[in-house]
Amino acid sequence: TNISNDAGFMVQPGYNAKLIYLTGNRMVGLHHDPKRLLPLIEQFEIEYLIFGRHFTWEVAQLSKNSVEFILSRSDLFEHVATIQEDYSEFFTEEDSARFDEVYIYKIRKNYS
């Protein structure tokens, strides 16, 4: 409810469909190459980045380099929220994917 309906998101693979359904906002995938992030943020007028710890960079490493770039550039990206996810109804007790942290970063206006 704190995010405008016309805000654009760059989201890790797998999160897009649920977020579009829940929010109706514009979504593009989080690019795996950090050199492409800023041009795509500008092109698609992205305001927020969303990614999870488990799938995006720790285990599956879907966008590891891009996440490391985001985490290292607090001058460009502001951490606004961490959401604790519980997927235990979908995974067994032994599966490391049962829990995840999802991070939301806002693009600072002075990124370009």
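These remarks concern the structure in this document. (Residues numbered from 1 in each chain as written. Predicted model: local features only at pLDDT ≥ 70, side-chain atom pairs only at ≥ 80, totals over all residues. Heavy atoms only, no water.)

1. Topic: the nonpolar core
Point 1. Membership of the largest hydrophobic core comes to 17 residues, with the highest contact counts inside it found for M10, L30, L49, I70 and F77.
Point 2. Residue assignment for this core shows that the elements contributing at least two residues are α2 (34-43), β3 (46-52), α4 (64-72) and β5 (99-107). (Core = buried A, V, L, I, M, F, W, Y, C linked by side-chain atoms within 4.5 Å. Buried < 20%, exposed > 50% of the residue type's maximum accessible area, 1.4 Å probe, protein only. Helix = DSSP H or I, 4+ residues; strand = E, 2+ residues; numbered from the N terminus.)

2. Quick look at the side chain of N25
Point 1. Following the sequence through the fold, N25 ends up in the loop between α1 (16-23) and β2 (26-29).
Point 2. The class for N25 is buried, based on a relative accessible area of 7%.
Point 3. A distance of 2.8 Å separates a polar side-chain atom of N25 from the backbone oxygen of S4.
Point 4. Within the local environment of N25, its side chain forms a polar contact with the backbone oxygen of A7, the two atoms lying 3.0 Å apart.
Point 5. When sequence neighbours within four positions are dropped, the list of residues in contact with N25 reads I3, S4, N5, D6, A7, F9 and I20. (Polar contact = N/O pair within 3.5 Å; in protein donor to acceptor, adjacent residues only side chain to side chain. Contact = heavy atoms within 4.5 Å.)

3. Brief notes about the pairing of β3
Point 1. By the criterion of burial, β3 is predominantly enclosed, with 6 of the 7 residues buried.
Point 2. In this structure, strand β1 (residues 8-11) lies alongside β3, joined through 4 bridges in parallel fashion. Directly across from G8, in β3, lies its bridge partner I46. (Pairing = 2+ DSSP bridges.)

4. Thoughts on α2
Point 1. Within the sequence span of α2, burial applies to L37, L40 and I41. For α2, the angular spread of the buried residues around the axis is 105 degrees, confining them to a single face. Residues of α2 that are exposed and angled more than 90 degrees away from the buried face: K35, E42 and Q43.
Point 2. Of the residues flanking the end of α2, it is E45, one or two places downstream, whose phi is positive at about 55 degrees. (Arc of directions from axis to C-beta.)

By themselves, these figures tell us nothing about what the structure is for.
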